[in-house]
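# Residue-level structural notes
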Amino acid sequence: MKRSLTVVLPFPRRMHISDAGLEILRKQIPEDVRILLIYEPGMKPEPFAPGLPNVSCLESLYDGEIRNAVRSGVEYADSEYVIVMPEEHNVPPGMIDSMLKKADAVRADVVCASRYMKGGTGRGGFGESLKRMAGVLFFAGGFPTHDPGGPFQLYRRSFLLKTGISAVPGMESVVRAWQSGGWISEIPVVWKGRSPVCRTTFLKSLCSVVRTQLLKKVRFRELTGIRQNSSRRELSEYILHGLFILLLLLSIYVFCINPGVISCWEQHEFRKAQTAISTFYFSGLSDLLYYETPVLGYPWRIPFEFPLYQALAALLAKTGLELERALSAVAGLFFLGTLIPLHFICRFFTRDRMLFFTISSLYLALPFTLYWGICSPMIESCAVFFAVLFVAGMLCFLRKPSAGALCTGVFGAALGGMVKITTLPMYAVFTGIVWLAYLLNGRISWKRFLVPGIAGLVALVPVFWWTAHADRLKSCNPLAMDLVSSRMNNWNFGPVQMRFDPVVYRKFYHFLVRDVFGDELAVVCAAVILGIGLAVFRKRGAWTVGAALFSWGLGFLIFTNLYYVHNYYQMANILLLLSALGGVCFLFIRKNFGATVLFAVGILFFQFIFYNRVLPRMIANAERETRVYAPVWEAVQKYTPPDSAIVVLGYSWSSYEHFRCRRRGIAVSRLIPQDLKRLEQSWPEVLGGRPLSAVIILGWQTGETIRSQIGPLEELLFGSRRIKRTFRSGELTLYLFDLDGTSVSA
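For the structure given in this document, a descriptive report is provided here.

Across its full length, the protein holds 31 helices and 12 strands. The buried share of the protein, reckoned over its 746 residues, is 54%. Surface accessibility of the protein: about 32800 Å² in total, with carbon and sulfur atoms responsible for 62%.

Bringing the pattern of salt bridges into the picture now. Summed over the entire model, instances satisfying the criterion amount to 11 salt bridges. The partner of Glu305 in a salt bridge is Arg271, with the nearest N and O atoms 3.0 Å apart. Separated by 34 residues along the polypeptide, Glu305 in the loop between helix H10 (287-290) and helix H11 (308-317) and Arg271 in helix H9 (residues 269-280) bring together distant segments of the chain. On the accessibility criterion, Glu305 (5% relative accessible area) is buried. What makes Arg271 buried here is its relative accessible area of 10%. Residue Lys420 is joined to Glu380 by a salt bridge in which the shortest nitrogen-to-oxygen separation is 2.7 Å. Taken together, the positions of Lys420 in the loop between helix H17 (403-419) and helix H18 (424-440) and Glu380 in helix H16 (residues 380-399) put the pair 40 residues apart, joining distant regions of the chain. Both residues of the pair, Lys420 and Glu380, count as buried. What you see here is one network of salt bridges that share partners, running through Glu80, Arg107, Asp109 and Arg156.

Glancing now at the sheet that holds strand S8 (residues 645-650). Strand order in the open sheet made by the 5 strands is S9-S8-S10-S12-S11, with mixed pairing throughout. Each having just a single partner strand, strand S9 (664-669) and strand S11 (723-729) make up the two edges of the open sheet. Taking each pair of neighbouring strands and ignoring which way they run, the sheet shows an average axis angle of 15°. Looking at chain direction, S11 and strand S12 (residues 732-737) are connected through 6 bridges and run antiparallel.

We now examine helix H14 (residues 354-365). In a regular helix each residue adds 1.5 Å, so 12 residues correspond to 16 Å; H14 covers 16 Å between its end C-alpha atoms and thus fits that length. Extensive coverage of H14 is indicated by the burial of 12 of its 12 residues. Among the residues of H14, Met354, Leu355, Phe356, Phe357, Thr358, Ile359, Ser360, Ser361, Leu362, Tyr363, Leu364 and Ala365 are the ones counted as buried.

Our next topic: a nonpolar patch on the surface. Residues Ile245, Leu249 and Ile252 make up a contiguous nonpolar surface patch of about 260 Å² in total accessible area. Take Ile252: its relative accessible area is 36%, and that puts it in the partly exposed class.

Here H18 is 17 residues long and its end C-alpha atoms lie 24 Å apart, about the 24 Å a rise of 1.5 Å per residue gives. Those residues of H18 not exposed but buried are Leu424, Met426, Tyr427, Phe430, Thr431, Val434, Trp435, Ala437, Tyr438 and Leu439. Remark: Gly442 follows H18 within two positions and exhibits a positive phi of approximately 75°.

Here the focus is the side chain of Thr423. Following the sequence through the fold, Thr423 ends up in the loop between H17 and H18. If sequence neighbours within four positions are ignored, Thr423 has contacts with Ala383, Val384, Ala387 and Ala572.

It is worth spelling out unusual backbone geometry at this point. Across the junction of Tyr298 and Pro299, the peptide omega takes the value 10°, indicating a cis bond. Position of Pro299 relative to the elements: it lies in the loop between H10 and H11. One non-glycine residue, Arg107, adopts positive backbone phi at about 55°. Given a relative accessible area of 52%, Arg107 falls into the exposed group. Despite not being glycine, Trp300 shows a phi value in the positive range, around 75°. Position of Trp300 among the secondary structure elements: in the loop between H10 and H11. Relative accessible area serves as the criterion here: at 6%, Trp300 is assigned to the buried category.

Interhelical geometry of H18 versus helix H25 (residues 570-589) gives an angle of 25° and a closest axis separation of 9 Å. On the basis of their axis angle, the class for H18 and H25 is roughly parallel. From H18, Met426, Tyr427 and Phe430 reach across to H25, where they touch Ala572, Asn573, Leu575 and Leu576. In terms of residue class, the contact of H18 with H25 is built from 6 nonpolar, 1 polar and no charged.

The next thing to look at is the pairing of S8. Most of S8 sits out of view: 6 of its 6 residues are buried. Here S8 shows a buried face lined by Ala645, Val647 and Leu649 and a second buried face lined by Ile646, Val648 and Gly650.

Turning to the packing of helix H13 (residues 339-349) against H16, a few remarks are in order. Two packed helices can be described by the angle between their axes and the distance between those axes. Across the interface, H13 lies against H16 with an axial gap of 8 Å and an inter-helix angle of 35°. Handedness of the H13/H16 crossing: left-handed. Contacts between H13 and H16 involve Pro341, Leu342, Phe344, Ile345, Arg347, Phe348 and Phe349 from the former and Phe385, Val388, Leu389, Val391, Ala392, Leu395, Cys396, Leu398 and Arg399 from the latter. Here the residues of the contact of H13 with H16 sort into 14 nonpolar, no polar and 2 charged.

Before going further, it helps to spend a moment on the packing of aromatic side chains. One pass over the full model with this rule turns up 27 aromatic pairs. Ring geometry for Trp372 versus Tyr568: centroids 5.5 Å apart, planes at 40°, classification tilted. In this pair, Trp372 sits in helix H15 (residues 367-375) while Tyr568 sits in the loop between helix H24 (560-565) and H25, placing the two residues 196 residues apart along the sequence. When its relative accessible area of 1% is taken as the criterion, Trp372 is described as buried. Looking at Lys474, its charged tip hangs above the ring of Phe304, at a distance of 4.2 Å from the centre. The ring centre of Phe659 lies 4.3 Å from the NZ or CZ of Arg662, which sits over that ring.

Scoring rules and cut-offs
Residues numbered from 1 in each chain as written. Predicted model: local features only at pLDDT ≥ 70, side-chain atom pairs only at ≥ 80, totals over all residues. Heavy atoms only, no water. Helix = DSSP H or I, 4+ residues; strand = E, 2+ residues; numbered from the N terminus. Buried < 20%, exposed > 50% of the residue type's maximum accessible area, 1.4 Å probe, protein only. Areas by Shrake-Rupley, 256 points an atom, 1.4 Å probe, with all protein chains shown as cover. Salt bridge = Lys/Arg side-chain N within 4 Å of Asp/Glu carboxyl O. Pairing = 2+ DSSP bridges. Axes fitted to C-alpha atoms, helices over the stretch in contact; angles between N-to-C directions. Expected span 1.5 Å × (residues − 1). Patch = residues over 30% accessible without salt bridge, like charges linked within 9 Å, V, L, I, M, F, W, Y side chains within 5 Å. Contact = heavy atoms within 4.5 Å. Parallel < 35°, antiparallel > 145°, perpendicular 65-115°, else oblique. Nonpolar A, V, L, I, M, F, W, Y, C, P; charged D, E, K, R; others polar. Left-handed = near helix turned anticlockwise from the far one by under 90°. Phe/Tyr/Trp six-rings, centres within 6.5 Å; stacked < 30°, edge-to-face > 60°. Lys NZ or Arg CZ within 6 Å of the ring centre and 35° of its normal.

Here's what the structure looks like:
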């Protein structure tokens, strides 16, 4: 009996079919089955081996992607059934006969060749195990096949023409057939590998599945009915509890062994040094309002953030701890202290402790948070702590009104805004969304809803006062006029066009891959988990995750330029992203024990990245710092008076050299003529009466070459002074001036 079957093989652009590949097809597919090779319009295929009468090479009737080639093949076919063959797969022996018999026996519209039902076998391995788990979950949720994403499906041609479904192999077509009311059946298949029939890319297929399955919410909500038994739930909680304790101990270990060196080989050393030099010259409580950052000349004050972090580090340094280690220690304490208000936030949403263990494990495991939270002497962890404290106070007040909770929220908002105003807005938006949801659901009244608004206005009073006070101090310095807040709007927010530039978002994605997660696979997995969570889980879980994601993305939209230039700014809103991701993981963990195991594996992967890449690099850079540039800084400290000033001509107004040399002075960019001219106009008053003892020039060119490029400023710096020694190391050129008539031995 002649078989009523056609095999369609799409032949899109950038594919190559060899004679050997067609010979494989001839052996795998019976001779009385017609094979249609469909190629794109205008692309003439290469000649193939003769002697294959059942193979036809036809031009696609439609332009575009592979699904249009499949559609053309279905219209060309004149048989009752159609199979679209994936080009890179071997056809399992006997599969076509079995699928035809099954279709005729049950009058099925779709027959799937299942690797995961009883009697079927796949290739094995970790990836295959994940696919098998997914197939079992689909089947348990009411789906009629164990392998909806399998590579082999047989379709009734009349059903395809009637419904307009594309027969492209994979999950999308099977799910749409199920939605259309088609009868779906399956047979077991043993599939062991791929064949060299042709070569193509997998990216388009993956994007199609992600786009259609994660965003369309196709009946996946039935998966939420799967629950664990009590014993496995307890085991999940024990695993997460133990994982949290392990990560906490490892964080304390990093806290203890952190070299605490501000290295120029690390990222953003200028920002770290700015905080460090302010701490070095912090003398007492009076400096809380008038602290110095002596890198732009007299009167030495260019305040930005409220110096709470610097004051605590200076206090700790007085105990005998090195300044840089004291800075890192305070940052680490704020980083670990953030777990306390985070615990109260998690208890607001659920009494289940696993939510806190999940989010805090991500927070403690991510290399990005460990590096910028513990290992870097910066104010980021301090600002995040007070922002999270604000959220915890306001949510506790929402659950149970009390003066203590309200004061905690106002205190956190006020100090968070004064320490770093760019961190607080995202957390305020998240808090506002939660309060608004309670109002719209009728759980609170309008009068009570006004309380956080009034509290926020009260908290903003000290924030605006500190900003105005800092601007007054900066306006007294002729070299700091461009640093007042009114002139930094374009730097902080960026032009409107940045928010519509694809290059900006590509760089944001690059930051996520390289800095935050450390691997592109981790970013893809996180996106898939978040997408599935938003599609699967209803009501409170979904909108809470969505609110956290929205607040996280708002940071990129508000402070676009800051996030574009400085990757460490993502430390401000990373906890919102981790909260959304941890919330979805918690919802899966609560329903399936396998999700707990996968979560633990992911956490260990992040720890491997940190201890294998980040920490060794930090230690190596600390040693390299001492070896390369330390002689220059030691020469300045040894041969210049402590009350003298130095001038650094670098690439920007960096505090790095001043901090290393422990000297006040001026740092200007030798590449910006406006900065050089402003220094020339304010000379010598900008030195505050201090003698100029040294000039440091940064650049790989010789010092004489760079001196010839700075114009009249060269005469002011070098004209009337006698250079008693020149020293060069790396890209640093040091000029020591003779202040007392003595000479310096070589």
